[in-house]
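# Residue-level structural notes
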Amino acid sequence: MMGPPGAGKGTQAGRFARERGLLKISTGDILREAIKEKNPTALEAKARMDRGELVDDAMIIAIVEERLARPDADPGFVLDGFPRTVAQATALDHLMDGRGPLVVVDIVVPEEVLLRRLAARRICGDCGVNAPVEWISACGNCGGALVTRFDDGDGVVGERLKVYHLQTRPIVEFYAGRPTFRTIDGNQPPDVVTASMDAAVCQASLAPREAQL
Ligand code: AP5
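Residues numbered from 1 in each chain as written. Predicted model: local features only at pLDDT ≥ 70, side-chain atom pairs only at ≥ 80, totals over all residues. Heavy atoms only, no water.

## Re the overall build of the chain
What the chain contains, in helices and strands, is ten helices and six strands. The C-alpha atoms of the chain give a radius of gyration of 17 Å, which matches the 17 Å a tight globule of 213 residues would have. Judged by the C-alpha coordinates and their principal axes, the chain covers about 50 × 40 × 35 Å. Counting every position in the chain, which comprises 213 residues, the buried fraction comes to 44%. Considering only intrachain contacts with a sequence separation of at least 6, the fraction spanning at least 24 residues in the chain is 68%. Counting only carbon and sulfur atoms, one obtains 55% of the accessible surface of the chain, whose full area is about 11000 Å². (Helix = DSSP H or I, 4+ residues; strand = E, 2+ residues; numbered from the N terminus. Rg over C-alpha atoms; globule rule 2.2 N^0.38 Å. Buried < 20%, exposed > 50% of the residue type's maximum accessible area, 1.4 Å probe, protein only. Contact = heavy atoms within 4.5 Å. Areas by Shrake-Rupley, 256 points an atom, 1.4 Å probe, with all protein chains shown as cover.)

Set out below in structure tokens:
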């Protein structure tokens, strides 16, 4: 699942994976979890995340490669936040060898809506989940306090969007000619986006096998 910060990749990837019993791999969640555990490499990556920059390709590709090598990835998986550069997209094509098809869905949302969503977002400080509006001050899953995500501050969001346009948007061109590429409107209520996502993935998965290769 592709899209700029705040497009709803995490929300939709979570729903899609849960409904199908598939593994969800979110590189952002993996990094945040490793930072919480004070993993030294992840703490180095945090400096870049704090500035709204991307983490080094080699590190991210190694994370995804290791995760895909485990048996729970065999039935299929949902990728949230990866790939984000042409180098990562090229590596993913290699990792997909013998698997597939790779369906790519780009979630499109106007920038002013992204800014509003990210300014309003609260997450659980303990389990990291996005808080729905009905959670006032505590997490409905684990009771943790709700906080602002460390990279959702004004200056950092601007940089994340800039980095998205410079480094991630070019991979839309990388995928656009493929029969398994779809674009959906993410500026709709979450359930409507979920329905569009289901339809897009279903339709793209039915693209003739030989055209997917
Ligand atoms: P990452 O965690 O991937 O963040 P991101 O891409 O900036 O995306 P977000 O989590 O902000 O937004 P989202 O699109 O998932 O939307 P969400 O569903 O949460 O990456 C963070 C950092 O890690 C990067 O900046 C980078 O440094 C590093 N990193 C990660 N992967 C990397 C990689 N591959 N390479 C290099 N570096 C990497 O929704 C956002 C908000 O909107 C929520 O509050 C949600 O409730 C709300 N919302 C969602 N859908 C809707 C809707 N339809 N209507 C109204 N509100 C909605």
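That was the structure; now back to the text.
## Brief notes about the layout of surface pockets
By volume, the second largest pocket is sized at about 510 Å³. Around the second largest pocket, the lining comprises 26 residues; the ones closest to its centre are Phe77, Val78, Pro101, Leu102 and Val103. Elements with a contribution of two residues or more to the lining of the second largest pocket: helix H1 (9–20), strand E2 (77–80), strand E3 (104–108) and helix H9 (190–205). Its residues assigned to classes, the lining of the second largest pocket shows 20 nonpolar, three polar and three charged. (1 Å grid on protein atoms, 1.4 Å probe; cavity = no way out; pocket = protein on both sides within 12 Å on 5 of 7 lines; lining within 4 Å. Points joined across faces, edges and corners; volume = space filled by probe spheres on them. Nonpolar A, V, L, I, M, F, W, Y, C, P; charged D, E, K, R; others polar.)

## Focus on unusual backbone geometry
Across the junction of Phe82 and Pro83, the peptide omega takes the value 0 degrees, indicating a cis bond. Residues other than glycine seldom take positive phi values, yet Lys38 does so here, at roughly 60 degrees. Secondary-structure assignment places Lys38 in the loop between helix H2 (27–36) and helix H3 (40–50).

## Section: the pairing of E3
Among the five residues that make up E3, four are buried, leaving the element largely enclosed by the rest of the structure. Bridge count between E3 and strand E6 (residues 181–185): five bridges; the pairing is parallel. Across the sheet, the residue bridging to Val104 is Phe181, located in E6. (Pairing = 2+ DSSP bridges.)

## Here we look at the packing of aromatic side chains
All told, the structure shown has one aromatic pair when counted by the stated rule. Taking 5.1 Å as the distance between ring centres and 90 degrees as the angle between the ring planes, the aromatic pair formed by Phe174 and Tyr175 counts as edge-to-face. On the basis of relative accessibility, which here comes to 27%, the residue Phe174 falls in the partly exposed class. Under the relative-accessibility criterion, Tyr175 is labelled buried at 1%. Directly above the aromatic system of Phe16 lies the positively charged group of Arg20, at a separation of 3.6 Å from the ring centroid. Sitting above the plane of the Phe150 ring, Lys46 keeps its charged end 4.6 Å from the centroid. (Phe/Tyr/Trp six-rings, centres within 6.5 Å; stacked < 30°, edge-to-face > 60°. Lys NZ or Arg CZ within 6 Å of the ring centre and 35° of its normal.)

## Structural notes on the environment of Gly81
Residue position: Gly81 is located in the loop between E2 and helix H5 (86–95). Counting along the chain gives 48 residues from Gly81 to Glu33, while the straight-line C-alpha distance between them is 15 Å. Other than its neighbours up to four places away in sequence, Gly81 contacts Met1, Lys9 and Thr27.

## A closer look at the pairing of E2
The two faces of E2 match: Phe77 and Leu79 on one face and Val78 and Asp80 on the other face are all buried. In terms of strand pairing, strand E1 (residues 23–26) meets E2 through four bridges, oriented parallel. The residue of E2 that forms the bridge with Ile25 is Leu79.

## Regarding the site of the ligand
As a matter of local geometry, the ligand sits amid 32 residues, with Thr11, Glu53, Arg84, Arg121 and Arg160 nearest to it. Contact between the ligand and Arg117: a nitrogen atom at 3.3 Å from a side-chain N or O atom of the residue. Between the ligand and Gln188, the relevant distance is 2.9 Å, taken from a nitrogen atom to a main-chain nitrogen or oxygen of the residue. Its free accessible area being 1000 Å², the ligand has 89% of it covered by the protein chains. Mapped by element, the contributors of at least two residues to the shell around the ligand are H1, H2, helix H6 (111–120) and H9. When residues in the shell around the ligand are grouped by element, the largest group, four residues, is from H2. (Near = heavy atom within 4 Å. Polar contact = N/O pair within 3.5 Å; in protein donor to acceptor, adjacent residues only side chain to side chain.)

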